[in-house]
2 protein chains.
Amino acid sequence: MREDLSRLMAERNLDAIVVSDKVHGNPPLTYLTKGAGLTQALIIQKRGAAPQAIINPMEREEAAVLGYPLTLSSRYKYHDLLREHDGDALRATVAYYARIFEDLGVQGRVGFYGLADQGQAYALLTALEESLSEIHVVAEFQDDLISAARTTKDTAEVARIREMGRRTAEIVRQTEAFLREHAVDDEERLRRTDGEILTVGDVHAHIRRLVALQGLEDPEGFIFATGRDSGIPHSKGALETPMHLGESIVFDIFPCEAGGGYFFDMTRTFCLGYAPDKLQRLYDDVFACTRHIIANLKVDTPTRRYQQMTCAFFRERGYATVEEDASALSGYIHSLGHGVGLELHETPMFRDTPDNTAQIAPGHVFTVEPGLYYPDKGMGCRIEDVIYVDPDGNFQNLTDYPYQLVIPMA
Amino acid sequence: MREDLSRLMAERNLDAIVVSDKVHGNPPLTYLTKGAGLTQALIIQKRGAAPQAIINPMEREEAAVLGYPLTLSSRYKYHDLLREHDGDALRATVAYYARIFEDLGVQGRVGFYGLADQGQAYALLTALEESLSEIHVVAEFQDDLISAARTTKDTAEVARIREMGRRTAEIVRQTEAFLREHAVDDEERLRRTDGEILTVGDVHAHIRRLVALQGLEDPEGFIFATGRDSGIPHSKGALETPMHLGESIVFDIFPCEAGGGYFFDMTRTFCLGYAPDKLQRLYDDVFACTRHIIANLKVDTPTRRYQQMTCAFFRERGYATVEEDASALSGYIHSLGHGVGLELHETPMFRDTPDNTAQIAPGHVFTVEPGLYYPDKGMGCRIEDVIYVDPDGNFQNLTDYPYQLVIPMA
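Residues numbered from 1 in each chain as written. Chains lettered and ligands numbered in written order. Predicted model: local features only at pLDDT ≥ 70, side-chain atom pairs only at ≥ 80, totals over all residues. Heavy atoms only, no water.

1. Brief notes about the relation of the copies chain A and chain B
Least-squares fitting of chain A to chain B yields an RMSD of 0.0 Å, with the transformation described by 0.0 Å of translation along the axis and a rotation of 180°. When the rotation and shift are considered jointly, the pair of chain copies conforms to a two-fold rotation axis. When C-alpha positions in chain A are compared against the rotation axis, the closest is assigned to A:Tyr122, at 2.3 Å. Here 98% of the interface residues in chain A have copies in chain B that are interface residues too; the copies meet face to matching face. (Least-squares fit on C-alpha atoms with pLDDT ≥ 70 in both. Contact = heavy atoms within 4.5 Å.)

In structure tokens form, the structure reads like this:
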């Protein structure tokens, strides 16, 4: 949580943090500016002190809601520095930071966060480290401070994610209704009112409208994939494919609040009209796994354990898993879940790797999403819910949606 | 243009470039993968050779359209490396890059591009520089190679931006129509059919629907701001404000292709019903400036010259400009324009600073957007068109929209 930042800075022996960005929807900046919509701010927080914001004068109105001490960036006269340094932007930027650090009394071990072009970040931080003797640039590659704080959500954040869950489920409900209202022809294909075949592309266009009507954005797109495509976890679905009865449909949707805020993430697998036996068996096993995992969630347990538990569950039922073969393309071939927040995929991660030391804790919001994939058999299945661990350590399912494979058609 | 990459690598004495990313809509990756929708790819291009892609096996279908030699990332067994390095992700990642570089014969001066957390990028590139003796990490802070290539657009790119212009203008047209169809009450406020006052927030919601109906995204939002808010260039408009006759409305809209592709950017200033004289004068001067600048565009001229020309134009008419006071909050207080492509703001820039050595050239696509801002007088005005410099050096205006301040109301 945001209130953990000072404690985390102390633990990591950081004297200050600097969050900057020139990219829209940059999670670290959004986190520290509470979504105020700033695009060119620099946030500086010294250990034990409140954050301070250096902002573009054109964004002073948006920044006022922060309640931080604000400084207009024009105070540090970057353009004068650029002239002094004959247009060398790197030297001018180093001098600009030096002015800011001196003005705000920033020194010692400083961590830098926020998205940037990686080559530019390397150039700038190397130059700061070399040129400014009062500061030491601290490089955090793994489990950085801002990500660590973001891993646990406060009640205001959970309320926003819960509301995102409500709206996302509404989109899935309306998509089901849209599919159900179509006629079916003799070859078991869905037909539009104009007589044309309904395609996956038509459904995609409708889902995009539903997302907009909920006032949401889907910056990372969504997956609505049928048949063979549903057997490839990242396939978004080939647009020209006709919608057909009796085929697996994986619908995985992960919109975020307008303007780049909190995400939600849910998946249901559907089948129109009727389900072939082999698909129904796949579905039943994935659903049983989902229930098994959720029933066994416990605070203070390593998340890796649940990936192992999922692999064991599927292996016992005769499915291949990533545990035996990390490059497998059929069976259970991904990891069980991930945290959800200002990024679609954030800590805690559930992958079974030695760098993953995450343990389930109050405040976590994460997905549980087992799946089985058989592209060569033309089918796939995934079920995904979002779970919140409340302050009492109880597990709340934020995905209020039934589990039903078959969508009955008239 | 993409075909310039090898020439630019030669000019900069780069032996190879590496483009990676874990962020959606990362322009350098989108550029090198032609928008194939990959999220976890690593693209490596050696000087004089075709690009190669290392991809997540789950994205093999999307990657097939690239026409590049493809390698599945599983070949380099990152997870084994993570185990060997006891879960130290930084050491494992360095070893992973070392395997890839050896396999593909990458050595010498290597540039790195693509968005990443700046602290993580610094940690990784510092470690690569220290650990891998065969490569030297080249830091480009200013005018990096990928940005330089992207500055000039090929015909396929221009066709996409032109189509974006058509759709964006359609959204503005439909927004005008939406405003016009409302009733006006005795206090000159617009009323909805349910009798409630139409607010800026209502218009925002309608514009979002129009964007979705065009199949577009607006990841950076849009500006539809009235009265005082229209006098602050970056204000997006306070949602609760009633829509009122006789007030300036700045409508600046900058959507991109679905899935994170090419942007467009246009602005019109409107006023419902009638325009007060002082606003009409402001509008006439901004419009005259727009025409003056566009009429004077010439290939091989420094873009800075046009910012100077704009300041001179406004100063002669008695307005304050950034040229006298960089921190001014009223008058002409921003720069004239910017390139438009996979990023909303990219090179060529038009700011009048010593680091800006850009000259107008065939293939450029950029905005021309003079404006005047008087928040204390409750008004602002900006007009923005997108200009394409074709291969013959002719200037084509990609913004097909009339210039008319007043929207007549029934």
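From this point, the narrative continues.
2. Some points on the environment of A:Arg180
All names here are of chain A. Of note, Arg180 is situated in helix 8 (residues 155–180). What makes Arg180 partly exposed here is its relative accessible area of 35%. Taking the C-alpha atoms as reference points, Arg180 and Leu282, 102 residues apart in sequence, are found 23 Å from one another. (Helix = DSSP H or I, 4+ residues; strand = E, 2+ residues; numbered from the N terminus. Buried < 20%, exposed > 50% of the residue type's maximum accessible area, 1.4 Å probe, protein only.)

3. Focus on unusual backbone geometry
One can expect most non-glycine residues to show negative phi and most peptide bonds to be in trans. Residue and element names in this part refer to chain A. Here the amide bond leading from Thr347 into Pro348 is cis, since omega sits at 0°, within 30 degrees of zero. Following the sequence through the fold, Pro348 ends up in strand 16 (residues 346–349). At Asp143, a residue that is not glycine, the phi angle is positive and equals roughly 50°. Looking at the element boundaries, Asp143 is found in the loop between strand 7 (135–138) and helix 7 (145–150). Although it is not a glycine, Asp300 sits at a positive phi angle of roughly 70°.

4. Remarks on the domain arrangement of chain A
Residues and elements named next belong to chain A. On domain assignment, one finds that chain A holds domain 1 (2–149) and domain 2 (151–407). Distance between the C-alpha centres of domain 1 and domain 2: 37 Å. Our count for the domain 1 to domain 2 interface comes out at 0 salt bridges. If you list the elements that add at least two residues to the side of domain 1 that touches domain 2, you get helix 2 (27–32) and helix 7. In the side of domain 1 that touches domain 2, the residues fall into 4 nonpolar, 4 polar and 2 charged. (Domains from an automatic or database assignment. Salt bridge = Lys/Arg side-chain N within 4 Å of Asp/Glu carboxyl O. Nonpolar A, V, L, I, M, F, W, Y, C, P; charged D, E, K, R; others polar.)

5. Regarding the packing of aromatic side chains
For the coordinates displayed, the defined rule picks out 25 aromatic pairs over all chains. Aromatic side chains A:Tyr319 and A:Tyr374 sit 6.4 Å apart centroid to centroid with 45° between the ring planes, which places their arrangement in the tilted category. Residue A:Tyr319 is found in the loop between helix 12 (304–316) and strand 15 (338–339), and its partner A:Tyr374 is found in strand 18 (residues 371–374); the two are separated by 55 residues along the sequence. Both residues of the pair, A:Tyr319 and A:Tyr374, belong to the buried class. Ring geometry for B:Phe313 and B:Phe314: centres 5.9 Å apart, planes at 85°, overall edge-to-face. Among the residues examined, B:Phe313 registers a relative accessible area of 9% and is labelled buried. (Phe/Tyr/Trp six-rings, centres within 6.5 Å; stacked < 30°, edge-to-face > 60°.)

6. Thoughts on the interface of chain A and chain B
It is common to report an interface's size as the accessible area lost on association of the parts. Contact residues are listed per partner, giving 64 residues for chain A and 64 residues for chain B. Buried surface at the junction of chain A and chain B, summed over both partners, amounts to about 5800 Å²; 62% is from carbon and sulfur atoms. Contact with chain B buries surface across chain A, with A:Gln118, A:Tyr122 and A:Phe141 losing the most and accounting together for 15% of the total. At the surface where chain A touches chain B, the tally comes to 0 salt bridges. Across the chain A-chain B interface, the total number found is 19 residue pairs in polar contact (both at pLDDT 80 or more). Every element with two or more residues in the side of chain A that touches chain B is listed here: helix 3 (60–64), helix 4 (78–84), helix 5 (89–104), strand 5 (108–113), strand 6 (115–117), helix 6 (118–131) and helix 9 (200–213) of chain A. For the side of chain A that touches chain B, the leading source of residues is helix 6 of chain A, giving 10 residues. The residue makeup of the side of chain A that touches chain B, split by class, is 27 nonpolar, 19 polar and 18 charged. Examined bridge by bridge, strand 6 of chain A and strand 6 (residues 115–117) of chain B share 3 bridges and lie antiparallel to one another. Bridge pairing in strand 6 of chain B links A:Leu115 to B:Asp117. (Buried area = accessible area lost by both parts, 1.4 Å probe. Polar contact = N/O pair within 3.5 Å; in protein donor to acceptor, adjacent residues only side chain to side chain. Pairing = 2+ DSSP bridges.)

7. Description of the environment of B:Ala92
Residue and element names in this part refer to chain B. Summarising the element assignment, Ala92 is placed in helix 5 (residues 89–104). The exposure class assigned to Ala92 is buried, which follows from its relative accessible area of 0%. Each C-alpha atom of the pair Ala92 and Tyr78 lies 6.9 Å from the other, and the pair is 14 residues apart in sequence. In this structure Ala92 touches Tyr78, Leu81, Leu82 and His85, once residues within four positions along its chain are discounted.

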